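# Chains, contacts and geometry: an overview
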Amino acid sequence: MQAILKSRPFLWLVLALPGIWILGQWAVTPRTYGFGHAIGDTGDWAAWLLMVTLAVTPIRLLFRKAGWAIWLMRRRRDLGVASFAYAALHTAIYLWNKADLQPILDEATNPDMLTGWLALALFLPLAITSNDKSVRALKRSWKKLHRLVYPAAVLMFVHWVLASFDPTTAWIHIGIMAAIEIVRIALQLRQRVT
């Protein structure tokens, strides 16, 4: 049983549950749940999973020998891909709601939408190369490529601030994200000095 709970398929089932719930709520109660909730909740899950993904490095530096931190480090790519999957679902819901190419193109150059499209464009190669085969093929270039997660994360949170009716929640998440990055940088600098 413990092997099943630690398995990658079980993790993916757990990561898929919010998406299943979102789509189920939208299908069963379209008037009360609706497009606004579906697009908001998928965006939230994309952001939350991205923050967890980025928090893995400082967690690993703080808790080097903890089994759960080692497990989290080994599953970091899964968390990142899940974040991308929710961002892609968020985008699919947006496209479905517009249902026509012209309004999508009209809005694409607005700062709120442009930052979202740019973030998605940066996340795409990261999601595609988040597998063992790509790590082996790209070698050292893989780490360089995956540093795109930082500008992509900034663009994603700027998109959230600009596209939100009330950006307060987005600003709180930006603060959390900044704290995660400050801790990561401080820990990595301390590690280089010692």
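Structure's up top.
Quantities reported herein were computed from a predicted structural model and do not represent experimental measurements. (Residues numbered from 1 in each chain as written. Predicted model: local features only at pLDDT ≥ 70, side-chain atom pairs only at ≥ 80, totals over all residues. Heavy atoms only, no water.)

## Remarks on the overall build of the chain
When helices and strands are tallied, the chain shows eleven helices and zero strands. For the chain, the sequential pattern of α-helices and β-strands runs α-α-α-α-α-α-α-α-α-α-α. Compactness check: the chain gives a C-alpha radius of gyration of 18 Å against a globular reference of 16 Å for 194 residues, within 12% of the reference. Counting only C-alpha atoms, the chain reaches 55 × 40 × 35 Å along its principal axes. With 194 residues in all, the chain has 37% of them scored as buried. Relative to all contacts within the chain whose residues are 6 or more apart in sequence, the contacts with residues 24 or more apart total 66%. Summing over all exposed atoms, the chain offers an accessible surface of approximately 11,900 Å²; the carbon and sulfur share of this is 69%. Counting 21 positive and 10 negative side-chain charges, the chain places the centres of these two groups 23 Å from one another. (Helix = DSSP H or I, 4+ residues; strand = E, 2+ residues; numbered from the N terminus. Rg over C-alpha atoms; globule rule 2.2 N^0.38 Å. Buried < 20%, exposed > 50% of the residue type's maximum accessible area, 1.4 Å probe, protein only. Contact = heavy atoms within 4.5 Å. Areas by Shrake-Rupley, 256 points an atom, 1.4 Å probe, with all protein chains shown as cover. Lys, Arg positive; Asp, Glu negative; His and termini not counted. Charge placed at Lys NZ, Arg CZ, Asp CG, Glu CD.)

## Brief notes about a positive patch on the surface
Residues Arg140, Lys143, Lys144, Arg147 and Arg192 make up a contiguous surface patch of positive charge. Along the chain, the position of arginine 192 falls in helix 11 (residues 168-193). The class for arginine 192 is exposed, based on a relative accessible area of 67%. (Patch = residues over 30% accessible without salt bridge, like charges linked within 9 Å, V, L, I, M, F, W, Y side chains within 5 Å. Salt bridge = Lys/Arg side-chain N within 4 Å of Asp/Glu carboxyl O.)

## Focus: a nonpolar patch on the surface
Together, Leu13, Val14, Leu17 and Ile20 line one region of the surface with nonpolar side chains, adding up to about 350 Å² of accessible area. Tracing the backbone through its elements, the reader meets leucine 17 in helix 2 (residues 8-28).

## A few points about the pattern of salt bridges
Using the criterion set out here, one finds four salt bridges in the structure. For the salt bridge of aspartate 78 with arginine 8, the shortest nitrogen-to-oxygen distance reads 3.0 Å. Within this pair, whereas aspartate 78 is found in helix 5 (residues 76-98), its partner arginine 8 is found in helix 2, the two being separated by 70 residues in sequence. Looking at aspartate 78, the relative accessible area reads 7%, which means it is buried. On the basis of relative accessible area, arginine 8 is assigned to the partly exposed category, the value being 37%. Note that arginine 77 and aspartate 132 form a salt bridge whose closest N and O atoms lie 2.7 Å from each other. In this pair, arginine 77 is assigned in helix 5 and aspartate 132 in helix 8 (residues 132-138), connecting sequence segments 55 residues apart.

## As for unusual backbone geometry
Within the chain, alanine 99 stands out as a residue other than glycine whose phi angle is a positive 55°. Structurally, alanine 99 can be placed in the loop between helix 5 and helix 6 (101-108). Although it is not a glycine, lysine 139 adopts a positive phi angle of roughly 50°. Take lysine 139: its relative accessible area is 64%, and that puts it in the exposed class.

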